[in-house]
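Here are the chains, one letter per residue:
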Amino acid sequence: MSDFNSFVIFAGMRTGSNLLEASLNAIKHVTCFGEAFNPYMLGWPNTDQIRGVTMDEREADPHRLLNSITERESHLSGFRYFHDHDPRVLDAILQNHRCAKIILSRNPLDSYVSTELARKTNQWKLNETERPIAAAIEYDSEAFRQMLAATQGFQSRVLHALQASGQTPFLLHYDDLRDSEVLTGLLHWLGRKDLEKVEAASDQVPQNPRDMSQKVTNFAEMQHDLASLDPFRLSRIPSFEPQRGPAVPSFIATEAGHGLIYMPVRGGPTAAIINWMKSAGDTQSDFNQNRLRRWLREHPGHRSFTVLRHPLFRAWAAFTHLLENSEPALRQNLRDIHRLEIPVNSSDAPLTEENQIQIFPEFIAFLRRNLQGQTSLPVLPIWASQSEVLAGFAKFRSPDVVLRETDLADDLDWLARSANIDPVPPLVSNENIPDFLNDPALQSAARSAYQKDYVQFGFSGEIPTDR
């Protein structure tokens, strides 16, 4: 016996959701209330209320309508929900295990062309007594890509939420909607085992059963454009690096001017920037999210920033930190498991500069394995990908400005002025870039370890020395 007391059809424009709704509404004690949460209408055009809830009442409290539909006794009620419908109810829908999730999809190009034809002809449904309006549309590359991105993003969010909460959706394709066996299986899944056979609604017929070349005026141009898409994501950079949190306790703020917040990426020029901020005025740290929100409210006009460092130089900084400041247990692990011939205890003889140059490539090789999830050691913040660190920041807030270490001499001066801070002495850094880091072999190894950072932030192979 099914535990479902309601359902939602996650779909999009021109995926066949009208036909599916009509098929469901032909069954006793099953009702689909259209696009109940469409911002521009209530279920269907020219509808005043659904289950006693008006559009104004839905706008004031969408959960009132949601509860009215999903908590109906002795009746299986549901609705269609698209990516641009009221976002205030989406989490409640996804979290409700008694609300069955039906995911309806269609070839996205077919959906796009069908949608544009419907807009052009204003013919959104067709029955057998009506005559289709012959028309063709011009393919718009940008519009199609926007529709595709919105559809894929919405489906990804829905599927992730269902996976995380242990729910199983019923997957339907446009081509399934006239298949009696599939529709019967859907209703049995919903709990209506009393139905022997479910037929598709007969009051709707396909609107544009023509060859695609007859429906698109610039068909050859469309073919050429679609060939540039990457449906198999061959260009995707694999990433098995764990997601990071926002790291709010590491943020530093200065009270000077309107206020300035530094969101440090470990392994970067953090010490030099903190000293620069202290030269501007008093600083504050040890934030948590509540204290930082209060600080933000109390400092209108504030600015926030972070600084990126070239990945190869950052790997070198992580290596020197490992030798000088890390826990002996970490060094012991790297020596025993990953064969890095580094000293473990402070009493051990330190590495000579020549030894460091010899071992550093092996450390970069370890970083590549570590970032790809191939080691038992966690990814430490000091060598994590900068792209993942910034993604972690964004879970709380994104920095206003992302600066590059090589441009700080000019950019910090501009940043101080934007926060209404009096002229500050130039930043002073005691870190030197060793000449050997511009060895092409090291550059290639660093690119292999930090490929996503190189692509996302546009780093070149050679490390600029002007800072």
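Residues numbered from 1 in each chain as written. Predicted model: local features only at pLDDT ≥ 70, side-chain atom pairs only at ≥ 80, totals over all residues. Heavy atoms only, no water.

### Notes on the overall build of the chain
This is how it is decided: Runs of E in the DSSP output that reach at least two residues are strands. Runs of H or I that reach at least four are helices, and both are numbered from the N terminus. For this measure, only C-alpha atoms enter the radius of gyration; the expected value for a globule follows 2.2 Å times N^0.38, where N is the number of residues. Any pair of residues with heavy atoms lying within 4.5 Å of one another is described as a contacting pair. Residue-level accessible areas treat just the shown protein chains as cover; the underlying method is Shrake-Rupley with a 1.4 Å probe. Under the convention used here, Asp and Glu are negative, Lys and Arg are positive, and both His and the chain ends fall outside the count. To locate a charge, take atom NZ for lysine, CZ for arginine, CG for aspartate or CD for glutamate.
A count of helical and extended segments in the chain gives 18 helices and twelve strands. Here the C-alpha radius of gyration of the chain, 29 Å, is well above what a compact globule of 467 residues would show, namely 23 Å. When the backbone C-alpha atoms are referred to their principal axes, the chain occupies close to 90 × 50 × 50 Å. Considering only contacts in the chain between residues 6 or more positions apart, those separated by 24 or more positions represent 73%. Accessible surface, the chain as shown: approximately 24600 Å² in total, 48% of it carbon and sulfur. Side-chain charges of the chain comprise 47 positive and 59 negative groups, with the mean position of each set lying 5 Å from the other.

### A few points about the sheet that holds strand E5 (residues 76-81)
Note: strands within a sheet are paired through backbone hydrogen bonds, in either parallel or antiparallel orientation. Inclusion rule: In short, DSSP must find at least two bridges between two strands for them to pair. Angles run from 0 to 180 degrees between N-to-C directions of axes, and those axes are lines fitted to C-alpha atoms, restricted for helices to the stretch in contact.
The five strands are arranged E2-E5-E1-E6-E7 in an open sheet whose pairing can be described as parallel. Strand pairing shows two members of the sheet lacking a second neighbour, strand E2 (30-32) and strand E7 (170-173), which therefore form its edges. Adjacent strand axes in the sheet meet at a mean angle of 20° when their direction is disregarded. Pairing analysis gives five bridges linking strand E1 (residues 6-10) to E5, with the strands arranged parallel. In the sheet register, Phe7 faces E5, and the bridge partner there is Gly78. Where helix H1 (residues 17-25) meets the sheet, its contacts fall on E1, E2, E5, strand E6 (99-105) and E7, and the angle it forms with E2 comes to roughly 155°.

### A word on unusual backbone geometry
Counted only if it meets this: Exposure is judged per residue with a 1.4 Å probe applied to protein chains only, and the accessible area is read against the type maximum: over 50% gives exposed, under 20% gives buried, and values in between give partly exposed.
With a phi close to 60°, Arg14 is a non-glycine residue in the positive phi region. A positive phi angle, near 55°, is found at Asn122, a position not held by glycine. Relative to the assigned elements, Asn122 resides in the loop between helix H5 (108-121) and helix H6 (141-164). Judged by relative accessible area, which is 61%, Asn122 ranks as exposed.

### Points about the sheet that holds strand E8 (residues 252-254)
A sheet is described by the order of its strands in space; here five strands give the open sequence E10-E8-E9-E11-E12, paired in mixed fashion. The strands lining the two open edges of the sheet, one partner per strand, are strand E10 (283-284) and strand E12 (401-404). Of the strand pairs in this sheet, strand E11 (residues 303-308) and E12 are connected by four bridges, and their pairing is parallel. In the sheet register, Val307 faces E12, and the bridge partner there is Leu403.

### Some details on the packing of H1 against helix H7 (residues 180-189)
In a packed pair of helices, the relevant descriptors are the angle between the two axes and the axis-to-axis distance. Applicable threshold: In this scheme, a crossing is called left-handed if the near helix is turned counterclockwise away from the far one by less than a right angle; it is called right-handed if the turn is clockwise. All amino acids are sorted into three groups, where Ala, Val, Leu, Ile, Met, Phe, Trp, Tyr, Cys and Pro are nonpolar, Asp, Glu, Lys and Arg are charged, and the leftover types, Gly among them, are polar.
At a closest axis distance of 12 Å, the pairing of H1 and H7 adopts a crossing angle of 65°. With respect to the hand of their crossing, H1 and H7 are arranged in right-handed fashion. Between H1, through Leu20, Ser23 and Leu24, and H7, the contact on the second element is made entirely by Leu183, Leu186 and Leu187. For the contact of H1 with H7, the class distribution of residues is five nonpolar, one polar and no charged.

### Looking at the packing of aromatic side chains
We apply this condition: Pairing of aromatic rings covers Phe, Tyr and the six-membered ring of Trp, with a centre-to-centre limit of 6.5 Å; geometry is then stacked below 30 degrees between planes, edge-to-face above 60, and tilted otherwise.
One pass over the full model with this rule turns up 23 aromatic pairs. A centroid spacing of 4.9 Å and a plane angle of 55° characterise the contact between Phe4 and Trp189, whose relative ring orientation is tilted. Of this pair, Phe4 sits in the segment before E1 while Trp189 is found in helix H7, placing the two residues 185 residues apart along the sequence. Taking relative accessible area as the criterion, Phe4 reaches 23% and is therefore assigned partly exposed. Each ring, one from Trp316 and one from Phe319, has its centre 5.7 Å from the other, and the planes form 45°; the classification is tilted. Of this pair, Trp316 and Phe319 both sit in helix H12 (residues 311-325), three residues apart, which is roughly one turn of that helix. Judged by its relative accessible area of 10%, Trp316 falls in the buried class. Take Phe319: its relative accessible area is 0%, and that puts it in the buried class. One aromatic cluster is present, formed by Trp316, Phe319, Phe360, Phe363, Phe366, Trp383 and Phe436 through successive ring pairs.

### A look at the state of the cysteines
To be explicit about the condition: Working definition: a disulfide is two cysteine sulfur atoms within 2.5 Å of each other.
Summed over all chains, the structure comprises zero disulfides. Cys32 carries a free sulfur, and the closest cysteine sulfur to it, the one in Cys99, is 11 Å from it. The class of Cys99 is buried, set by a relative accessible area of 1%.

### Considering the pattern of salt bridges
The following threshold applies: Every case where a carboxyl oxygen of Asp or Glu lies within 4 Å of a side-chain nitrogen of Lys or Arg is listed as a salt bridge.
One pass over the structure, following the stated rule, counts 16 salt bridges. The residue Glu57 makes a salt bridge to Arg64 at a minimum N-O spacing of 3.6 Å. A salt bridge links Asp225 to Arg145; its shortest N-O distance comes to 2.6 Å. You can see Asp225 sitting in helix H9 (residues 219-226) and its partner Arg145 sitting in helix H6, a full 80 residues away along the chain. In this structure Asp225 comes out as buried when scored by relative accessible area, which is 16%. Here the salt bridges do not stand alone but share partners, grouping Glu21, Glu35 and Arg80 into one network.

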